Amino acid sequence: MSETIEQDLSAETRYVAKLYARLDELRAEKVQQLGRTRAQGAVGSFQNMSERDSFATLYEDRIAQLDAVEDRLVFGRLDMAGHTDTPRYIGRIGLSDEELNRLMIDWRAAEAAPFYQATALNPRGVRRRRHLMLKGRAVAGIEDDVLDETWLDEGHTHHGEGALMAALREKRTGRMGDIVGTIQAEQDAIIRSALPGAVVVQGGPGTGKTAVALHRAAYLLYEYRERLKNAGVLIVGPSNSFMRYIERVLPSLGETGVVMSSVGELYHGIHAVPETNRTVARIKGQLSMAKVVAAAVRNRQRLLAEDRTVVVEGTRLTLTRGMVRNARERARHTHKPYNQARETFVKVLVGDLAEQLRQKLEESAGQSSTSDRSYLPQEVRESWDVRVALNLCWMPMTPQKLIAELFANPHLLAAAAPKLSEAERDALYRRAESPFTEADVPLLDEAAELLGEAEDPQAAVHAAQYQRDVENAEAALRNMNTMLENAGIDGVVTAEQVAGVNQETSARLTAADRAVADRTWAYGHIVVDEAQELSPMQWRLLVRRCPIKSFTIVGDIAQTSAASGASSWAQALQPFFGDRFALEELTVNYRTPAQIADAAVRVAQAAGLRITTPQAVREGDWPPVLTETTPPRLQETLLEALGEELAFSAGGLQAVIVPQDLLSATRAAVQAVYGDRVGTGSGGLSQDIVVISARESKGLEFDGVVIVEPQQLVAEVDGGVGDLYVAMTRTTQRLRVIHTGQLPAGLEA
């Protein structure tokens, strides 16, 4: 190492140590402030206690942010023309010293933009861009981009061969890393685009579209903090595996309050399983299913087949079909959701029956109409016969109950969906206790929109208990206030405040926590990854979550494999956005070596897909390896090949991607040899061998990939090559394909 490099490393090490020292000071300060706040306890006025809780949450959030940016706190430096003595250090957050002198610039600030956007043709005032490679808190290396040739003439040196290439050579870890230190100019332009409207980021495999989406979310939260801090940002991905893969990226960028959800968990309290029946997924994904759900809701508002006799306190009353019809129409005319309109339905019928009861009682007793009969509606409402009759006509309903019964009862489905063929309705049939699938989630959301909140049977109990608490508090305060008045002190506590303190209260929730629990929450922005896979009904759900239609939509049409996915962005988005979306395209493949990327493109083009072909930044050392075997030796051949691939990856992350039908057997065979080294599904990315389906591999990346039976991957998605295209482009180094003689077009040796 030359003396100049050693001097530069030494200087950078001292400065980085200074930044970490300041980080430690700020963290210690917030920990101390939090400790003092918590030590106050539940004392003072109600306003004081509320302010204490707010400050505690503020300190907790800041501590979490300072903890999250510990790794690679600083990664860049800019030497600007005219500012040779004051370089700009670029990091995950902004830092200043106690005198408010700036030590480091947040990567999202406008002053940091030249770090990503400057080029030799347009240096934007940058003479040198330096990348700092940290291991722990130590500076392990320096990479320089000299953009001003006079810099070298002045005796400065150039270090390294480029931070981007160094990052691409790193082993995969099973968790997505941020690209904040190596964002390229075309990516940065998308990241920093304005908040309003919908931005579609089309990019082939390896173009960094997921990273761009996540960094854009972090940028928007920085640039539009006041607009987004209460409404929040929602990140939606295709699977739990994917969400686990990306979950650390935003915290590492200083953002800890974003809501993240797979498409199967967009309805609070439901953990939906994948929909394996492609026919069912296609039907449930159609927008026409919104009308089916609406019809199912309307059909639960029934008329009586004939007049019905009910008994109230020994008196026989007649509930007529006309009374029910009248009450139903009056309830529907309120245009309220089903469960709220039911309250009108019940009120009208209870009133009619109470009047009928009053007349009968007066006729039998000979009393005048001036007698007090105000108690009669309550007696009618509490009658078992009346409650049964009202529920038969208009039962309180939850979304889960409505959807479960709709698909479990052929007559209900036939009535709600007469335009579906008998074969289609037969495909939708399932037992009522069956788990909800990802295709059910938008139907549940649609039902919830139409049903509204059901009556809480415990609400009256809680209200009665609260009223008793208030009365008890009033009695206790009468004595206390007398003592205070005798002492010359005004009473400052109400009975309601005392009762409120004794009520059970939930912990203070963040905006993100509230958003997750509230189906009607309107987000300020939504990021959708692998968006080409979404059905029209899933888009309908997401647009409902963000009425202002501020979206970042990320995907690749060529990778579509879902039965109800999109064949073009216009097809997917025009029903909801019209023409009001901007299409951006990423053109550089950073992940997949050119030899493997070209093979994947040939497969896609042979299937007739019109795809973009991003330019790979590296040729790669190995072409795809095709290994033919026989069906009886399939697992044996896989294990032999896997041993060879593990030797090549040398500690990297190796994936075995197999058709769904072979997943269990393959996983068991690999686990029998490699034991705990084998990971599965969303929890398995921390191991160095992952056995996974093509669907679960979407959005992930590995050092090496072995694909088993590619033709079967194509067959299980009705002949589409989207899943195979995805599987082939997950690797950063090597690809091996094991087959039993039949290969998809374009993959032949």
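Here we summarise the structure given alongside this text. (Residues numbered from 1 in each chain as written. Predicted model: local features only at pLDDT ≥ 70, side-chain atom pairs only at ≥ 80, totals over all residues. Heavy atoms only, no water.)

**Regarding the overall build of the protein chain**
Within the protein chain, the secondary structure is distributed over 30 helices and 22 strands. Buried residues in the protein chain amount to 49% of all 749 residues. With the model as given, the accessible surface of the protein chain reaches about 34,900 Å², and the carbon-plus-sulfur share is 50%. (Helix = DSSP H or I, 4+ residues; strand = E, 2+ residues; numbered from the N terminus. Buried < 20%, exposed > 50% of the residue type's maximum accessible area, 1.4 Å probe, protein only. Areas by Shrake-Rupley, 256 points an atom, 1.4 Å probe, with all protein chains shown as cover.)

**So, the sheet that holds strand β13 (residues 551-555)**
Read from one edge of the open sheet, six strands run β9-β8-β12-β13-β7-β14, paired in parallel fashion. The open sheet is flanked by β9 (259-262) and β14 (581-586), the only strands paired with a single partner. Within this sheet the neighbouring strands show an average axis-to-axis angle of 15°, counted without direction. As judged from the four bridges shared by strand β8 (residues 233-237) and β9, these two strands associate in the parallel manner. Bridge pairing in β9 links L234 to V259. The sheet contacts of helix α7 (residues 209-223) involve β7 (198-203), β8, β12 (525-528), β13 and β14, and relative to β13 the element is tilted by about 170°. (Pairing = 2+ DSSP bridges. Axes fitted to C-alpha atoms, helices over the stretch in contact; angles between N-to-C directions. Contact = heavy atoms within 4.5 Å.)

**Comments concerning the pattern of salt bridges**
In total, this model carries 49 salt bridges according to the counting rule given. One salt bridge connects D106 with R108, and the closest N-O pair in it is separated by 3.0 Å. Residue D106 is classed as buried on the basis of its relative accessible area, which comes to 7%. The exposure class of R108 is buried, given its relative accessible area of 1%. (Salt bridge = Lys/Arg side-chain N within 4 Å of Asp/Glu carboxyl O.)

**Points about the packing of helix α12 (residues 289-299) against helix α20 (residues 441-451)**
Close contact between α12 and α20 brings their axes to 10 Å; oriented N to C, the two are set at 45°. When the axis of α12 is compared with that of α20, the two are oblique. In this structure, the crossing between α12 and α20 has a hand that is right-handed. Within the contact between the two elements, α12 uses M289, A290, V293, A294 and V297 and α20 uses L443, E446, A447, L450 and L451. Along the lines of polarity and charge, the residues of the contact of α12 with α20 split into nine nonpolar, no polar and one charged. (Parallel < 35°, antiparallel > 145°, perpendicular 65-115°, else oblique. Left-handed = near helix turned anticlockwise from the far one by under 90°. Nonpolar A, V, L, I, M, F, W, Y, C, P; charged D, E, K, R; others polar.)

**A short note on helix α27 (residues 634-649)**
Along an α-helix, a turn takes 3.6 residues, which lines up residues three or four apart on a common side. End to end, α27 covers 22 Å across 16 residues, agreeing with the expected 22 Å (1.5 Å per residue, within 8%). Within α27 the residues assigned to the buried category are L634, T637, L638, A641, L642, E645, L646 and S649. Along the axis of α27, the buried positions cluster into a sector of 165°, meaning they face one direction only. At its buried positions, α27 is contacted by β17 (625-628), β18 (654-658), α28 (663-674), β20 (689-693), β21 (702-708) and β22 (731-739). (Expected span 1.5 Å × (residues − 1). Arc of directions from axis to C-beta.)

**So, the environment of T315**
Tracing the sequence through the fold places T315 in strand β11 (residues 315-319). Taking the relative accessible area as the measure of exposure, T315 reaches 16% and is therefore buried. Distance in space between the C-alpha atoms of T315 and L361 is 8.3 Å, their sequence separation being 46 residues. Among all residues touching T315, those that are not within four sequence positions of it are V310, L357, K360 and L361.

**With respect to the packing of aromatic side chains**
For any pair of aromatic rings, the description rests on two quantities: the centre-to-centre distance and the angle between the ring planes. A full pass over the atoms with the stated rule returns ten aromatic pairs. Summarising the aromatic geometry, the rings of W539 and F577 are spaced 6.4 Å apart at their centres and angled 90° between planes, so their arrangement reads as edge-to-face. Taken as a pair, W539 in helix α24 (residues 536-545) and F577 in helix α25 (residues 569-577) lie far apart in primary sequence, 38 residues in all. For F577, a relative accessible area of 2% corresponds to the buried category. One aromatic cluster is present, built from ring pairs that chain together F75, W107, F115 and Y116. The aromatic ring of F407 is capped on one face by K284, whose charged end is 4.4 Å from the ring centroid. Across the ring face of F648, the terminal group of R734 is positioned such that the distance to the ring centre comes to 3.7 Å. (Phe/Tyr/Trp six-rings, centres within 6.5 Å; stacked < 30°, edge-to-face > 60°. Lys NZ or Arg CZ within 6 Å of the ring centre and 35° of its normal.)

**Side note on the environment of P547**
Here P547 lies in the loop between α24 and β13. Measuring from C-alpha to C-alpha, the distance between P547 and Y523 comes to 8.1 Å, with 24 residues separating the pair along the chain.

**Looking at the side chain of K30**
Counting through the fold element by element, K30 comes out in helix α1 (residues 3-39). Residue K30 is classed as buried on the basis of its relative accessible area of 17%. Within the structure, the side chain of K30 is placed 3.2 Å from the side chain of Q33, a separation counted as a polar contact. In this structure, K30 is in contact with Y59, R62, I63 and L66, ignoring residues within four places of it in sequence. (Polar contact = N/O pair within 3.5 Å; in protein donor to acceptor, adjacent residues only side chain to side chain.)

**Some details on the pairing of β11**
Alternating positions in β11 separate cleanly, T315, L317 and L319 being buried on one face and R316 and T318 remaining unburied on the opposite face. Hairpin connection from strand β10 (residues 308-312) to β11: two residues lie between these consecutive antiparallel strands, with E313 at a positive phi of about 50°.

**Quick notes on unusual backbone geometry**
At E313, a residue that is not glycine, the phi angle is positive and equals roughly 50°. Summarising the element assignment, E313 is placed in the loop between β10 and β11. With a relative accessible area of 65%, E313 lands in the exposed category.

**Considering the environment of A558**
With respect to the helices and strands, A558 occurs in the loop between β13 and α25. Note on A558: relative accessible area 4%, which makes it buried. Considered as a pair, A558 and G204 are 354 residues apart in the sequence and their alpha carbons are 7.8 Å apart. Leave out the neighbours within four places in its chain, and A558 touches L609, I611, G722 and Y725.

**What about helix α11 (residues 278-285)?**
Listing the buried residues of α11 in full gives V280, A281, I283, K284 and G285. One side-chain oxygen of the residue at the start of α11 lies 3.0 Å from the amide nitrogen of T279, identifying that residue as N277.

**Re the nonpolar core**
In this structure, F345, W539, L542, F551, I553 and F577 are the most contacted members of the largest nonpolar core, which totals 87 residues. It is helix α14 (residues 338-365) that contributes the most residues to this core, ten residues altogether. Non-local contacts of F345, meaning those with residues more than four positions away in its chain, are made with V324, A327, R328, A331, L390, C393 and W394. Residues W107, A218, L700 and V737 belong to the second largest nonpolar core, which totals 71 residues. (Core = buried A, V, L, I, M, F, W, Y, C linked by side-chain atoms within 4.5 Å.)

**Section: the packing of α27 against α28**
α28 packs onto α27 with a crossing angle of 55° between their chain directions and a minimal axis gap of 11 Å. Judged by the angle between their axes, α27 and α28 are oblique. Judged by the sense of rotation from one axis to the other, the crossing of α27 with α28 is right-handed. Touching Q635, L638, L639, L642, G643 and L646 of α27 are A665, T666, A669, V670, V673 and Y674, all from α28.

**Notes on the side chain of S561**
Here S561 lies in the loop between β13 and α25. The exposure class assigned to S561 is buried, which follows from its relative accessible area of 11%. Filtering out sequence-adjacent residues up to four positions away, S561 remains in contact with R278, E533, K698, V717, G722 and D723.

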